[in-house]
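Given next are the chains, with one letter for each unit.
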Amino acid sequence: MPKIAYFDTSHEMPLEIIMAAGFTPYKILGDVHQPNDPADKYLSNFFCGAAKSWLTEALAHSKEWAGIIFAQGCNNTNRHYDIWKVHVETPFLHWFGAPLLDNAAAKKYYRVELQRLISHLENHFGIKMTPEKIKEAIGQSNEIKKKLQRLSALRAEKDIPNRDYLAAVIKSLTSPVHEVSDWLDSEITAWKAKPAFPSGTKRFLLTGSDITYVEWMDTLDDCGIRVVRDDLSVGERFFATLISDKNDPLEALIEYYMNIPRPATRPTIRKRLDYLYKALGETKVDGVLSQNVKFCEPYAYDSVPVNNELKAKGYKVIHLERDFTPASDQQLANRLMAFVEMMEVA
Amino acid sequence: MTKTNNAAENDSRIKLKTLPHSQDLKWPMLWWIGMEKLYRTLPWKKTAWTCAAFPIEMMWIYDIFPDHPENMATVAAARKQSQRLIEHAESMGFSRDLCSYCKTNIGAYDTKIKKTLGGISKPDIVVCTNAICDTHWKWFQIMADKMNVPFFMFDIPKWVSGTDEKTLEGNIDYVVDQFYDLIAFIEKHTGKKMNEKRLYKVLDRSMEMSNLWREIFEHRKAVPSPYSGAETSAAFFPLVVLPGIQVGINFFKKILADIKNLTARGEGTMPKGKEKYRVMWEGIPFWYRMRFMYDLAQYGVVIAFEPYTYSFAPLKKKCVTLEETLRHVAKLIMDTPYAYNLERRIENFEKWIDEYKLDGVILHENMSCRPSSAGMVDLAEAIMRDKGIPVLILQCDMNDPRAYSEGQIKTRVEGFIELMEANKK
């Protein structure tokens, strides 16, 4: 099944529309092990490393994709669209204007944008997207989400290396649904058979910008940190809630995407905190790790009020401003180890 | 471009002629300052924080004083206060990489510095859009939460390259719907109802003010240039906070009359025969270092056009119904030149280069404004390819003096001037 790649700084892309159109949605995540030289030509040194890495990936691989869709996300998503329109070869490029708000006006606009996306896909690829096909895609999407929920819950009970969780989410965001579904079943079985959560390891909630290479997760394990909850886009935000089985599938998608755990790119900070508190209420943690990719503005803004509030409530919070790449991971590891030691002393 | 105390050297410096009525900018400024005091005194009047690309007219219509954190941040920079305020905000945890306007405002509010140094008071409401950047809503929401005041945000859809008319109409519908939400929000917090008569009166004056600024820009096409970016960067103040207010119109009328007199005599802002290079300045000025604009004059450079101040004066039309008015304003909010997409930016820049007979373009790659800085490489390449003139990309910051490197900027400017000179031969 051909892939349609999407540029999404959080979880704003209605993947079910891509699936209903007969494509595999492929979330562009970049490759931190590749130099960003091609993207550096077009983006200055004060743009976030994620956007550069994604552009580098697109410049190298766009011909393998049937098309690219941008979902309105962070501050610069529209600017990146303009640059990609000039430099990235693709037969199909679409801008999906996901609204930032979640009120009645935004819901109405969301429907307009969904219909515009559907029409563009139908006209370009000569397909017909019926409500039944969209419902079927919603069903498939929910299946994946349910399985990820089950996997995710095991993090706090079993000895699941951090990398295994991130790898599962990444696979779910980049591979064909049927392939992922079967694979997740086998992972659930395997994870259930793992030993109990290792004593002495600290339980953390991970929040902030997405870091999408598994070696970072190994580093956290090396520091004695096990991520048992998160509110990341390549994480719980993707599967925390399910899409309802309403008769009108577009209405179900609108409701779903406007009620997922809020990223920093969407108002309000209070709503983002609501999910964090919900997660912290459900799962006991020893600390909170707030990670902020350098030049990722939405999370940099949020980090001050969010972390201050969590600290005021007694949570132990460490904030790391970091590169998108592993360049300074060992320095960060020193800080994390010191933080864990302080927790133990306390 | 280093500051010198050498009297002889100072005597030989090229001085830009300021317009006779340029000092009259003090009247709109004093009016604005006086109005804030009045609005904060009278219990039936309200105050708001607003931002660029927000329809400020709506505030005046509802008897709300539009305070303007960005404007006050520029005051702080001009009064050499921005660095310490930015550093104060950074000490609160805000990253070095975040917007310097935002951090200046946070620092100013938290340290309670005087108004004359860029200070700002707590408003009754906070309203903003994300038409220019998402920083606006993140910043304003953080401050609204901190001050515990009601917050309203306009979500403005993005007009990306290649957007068709049908999509644009859908975008306008969304903004218009939000206008009704804004009206409900304002009425809830002011207890006042929309006065349509006042709406049209304010909008008529706003249109008049815009038209005057646009006419001023028409005269800036003259060679030599009668009015440089050094002056417009201050003079456009009424467009920022006083659209629809007579005192700003009066000021622009005087400026326009001065410019007409100057061009009728064939004179410009530079001394006779000294205007050598006409340049476009793209981006926000270095507010802490406005002397930069005057330093350019020493090389015979005049900033003949800048999209930034032009953005505040869109072509407005007279509408007869509320719905028509809201649709028109909604489109204007999305259509600001400062936020043009890459394709429209290239198209319009190339048009302005011809109209203003420009020899070069300086692009301020502003570390505090990523949306404005994205695509500058492509913009520069297109201009050099299509128009055959040099383009200088200067990486710096609008409000954070720490980003300004005197020697590096001088070297780059001089290289740019050499290119313009070579290009003329």
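Just so we're clear, the structure is a prediction, and the values are computed from it rather than from any experiment. (Residues numbered from 1 in each chain as written. Chains lettered and ligands numbered in written order. Predicted model: local features only at pLDDT ≥ 70, side-chain atom pairs only at ≥ 80, totals over all residues.)

### Focus on the overall build of chain A
Along its length, chain A carries 14 helices and eight strands. Taken over C-alpha atoms, the radius of gyration comes to 20 Å for chain A, in line with the 20 Å a tight globule of 346 residues would show. Once the C-alpha set of chain A is aligned to its principal axes, its extents read approximately 65 × 45 × 40 Å. By the burial criterion, 53% of the 346 residues in chain A qualify as buried. Pairs at least 24 residues apart make up 73% of the contacts formed inside chain A by residues separated by at least 6 positions. (Helix = DSSP H or I, 4+ residues; strand = E, 2+ residues; numbered from the N terminus. Rg over C-alpha atoms; globule rule 2.2 N^0.38 Å. Buried ≥ 20, exposed ≤ 12 C-beta atoms within 10 Å, placed from the backbone. Contact = placed C-beta atoms within 7 Å.)

### Focus: helix α5 (residues 82-91) of chain B
Residue and element names in this part refer to chain B. Looking at α5, one finds that the buried residues are Ser82, Leu85, Ile86 and Ala89. Down the axis of α5, the buried set is contained in an arc of 100 degrees. They therefore lie on one face. Where the residues of α5 are buried, they touch α4 (69-78) and α6 (100-111). At the C-terminal side of α5, Gly93 shows a positive phi close to 115 degrees. (Arc of directions from axis to C-beta.)

### So, the sheet that holds strand β1 (residues 46-49) of chain B
Hydrogen bonds between backbone groups are what pair the strands of a sheet, and the pairing can be parallel or antiparallel. Residues and elements named next belong to chain B. Here four strands make up an open sheet; going across it, the order is β2-β1-β3-β4 and the pairing parallel. This sheet does not close on itself; its edge strands, each paired only once, are β2 (64-67) and β4 (151-154). Averaged over neighbouring strand pairs, the angle between their axes works out to 25 degrees when direction is ignored. Sheet analysis places β1 next to β2, joined by four bridges and oriented parallel. (Pairing = 2+ DSSP bridges. Axes fitted to C-alpha atoms, helices over the stretch in contact; angles between N-to-C directions.)

### A closer look at the pairing of strand β2 (residues 24-27) of chain A
Residue and element names in this part refer to chain A. In β2, alternate side chains face the same way, and those of Thr24 and Tyr26 on one face and Pro25 and Lys27 on the other are all buried. Pairing between strand β1 (residues 3-7) and β2: four bridges, direction parallel. Bridge pairing in β2 links Ile4 to Pro25. Taken together, β1, helix α1 (residues 15-20) and β2 form a β-α-β motif whose crossover is right-handed. (Right-handed = clockwise from strand over helix to strand, strands pointing away.)

### Observations regarding the nonpolar core
Residues and elements named next belong to chain B. If you look at the biggest cluster of nonpolar residues, it comprises 240 residues, and the most contacted ones within it are Val126, Phe140 and Val279. Among the elements that take part in this core, helix α9 (residues 196-219) stands out by supplying eight residues, more than any other. If we skip the residues at most four places from it in the chain, Val126 touches Ala48, Trp49, Phe140, Met143, Ala144, Val149 and Phe151. (Core = buried A, V, L, I, M, F, W, Y, C linked by C-beta atoms within 7 Å.)

### Details of the interface of chain A and chain B
Between chain A and chain B, the contact holds 41 residues from the first and 42 residues from the second. If you list the elements that add at least two residues to the side of chain A that touches chain B, you get α4 (77-87), α5 (104-125) and α13 (297-312) of chain A. It is α4 of chain A that provides the largest number of residues to the side of chain A that touches chain B, a total of seven residues. Partitioned by chemical class, the residues of the side of chain A that touches chain B number 23 nonpolar, nine polar and nine charged. (Nonpolar A, V, L, I, M, F, W, Y, C, P; charged D, E, K, R; others polar.)

### Side note on the packing of α13 of chain A against helix α7 (residues 134-147) of chain B
α7 of chain B packs onto α13 of chain A with a crossing angle of 5 degrees between their chain directions and a minimal axis gap of 10 Å. When the axis of α13 of chain A is compared with that of α7 of chain B, the two are roughly parallel. For the pair α13 of chain A and α7 of chain B, the contacting residues are Glu297, Pro298, Tyr301 and Pro305 of chain A in the first and Asp134, Thr135, Lys138, Trp139, Ile142 and Asp145 of chain B in the second. Each residue belonging to the contact of α13 of chain A with α7 of chain B can be placed in one class, and the counts come to five nonpolar, one polar and four charged. (Parallel < 35°, antiparallel > 145°, perpendicular 65-115°, else oblique.)

### Description of helix α19 (residues 406-424) of chain B
Residues and elements named next belong to chain B. For α19, spanning 19 residues, the distance from its first C-alpha to its last is 27 Å, which sits close to the expected 27 Å at 1.5 Å a residue. Among the residues of α19, Phe416, Ile417 and Met420 are the ones counted as buried. The buried residues of α19 occupy an angular sector of 100 degrees when the element is viewed end-on, so they sit on one face. Along α19, exposed side chains directed more than 90 degrees from the buried face belong to Gly407, Gln408, Thr411, Glu414, Gly415, Glu418 and Ala422. Looking at the buried side of α19, the elements it contacts are β5 (277-282), β6 (301-305), β7 (360-366) and β8 (391-396). (Expected span 1.5 Å × (residues − 1).)

### Observations concerning the confidence of the model for chain B
Detailed reading of the predicted coordinates is not advisable wherever pLDDT is low. Averaged over chain B, the pLDDT score is 95; the fraction of residues at 70 or greater is 97%. Interface scoring of the predicted complex returns ipTM 0.96; its pTM is 0.96. (pLDDT = per-residue confidence, 0-100.)

### Some thoughts on the packing of helix α6 (residues 131-154) of chain A against helix α8 (residues 177-192) of chain A
Residues and elements named next belong to chain A. At a minimum axis distance of 10 Å, the contact between α6 and α8 shows a crossing angle of 20 degrees. Regarding the angle of α6 to α8, the classification is roughly parallel. The two elements α6 and α8 meet at a crossing, and its hand is left-handed. Here α6 contributes Gln140, Glu143, Ile144, Lys147, Leu148, Arg150, Leu151 and Leu154 to the contact with α8, which in turn contributes Val177, Val180, Ser181, Leu184, Asp185, Glu187, Ile188, Trp191 and Lys192. Of the residues belonging to the contact of α6 with α8, the class tally is nine nonpolar, two polar and six charged. (Left-handed = near helix turned anticlockwise from the far one by under 90°.)

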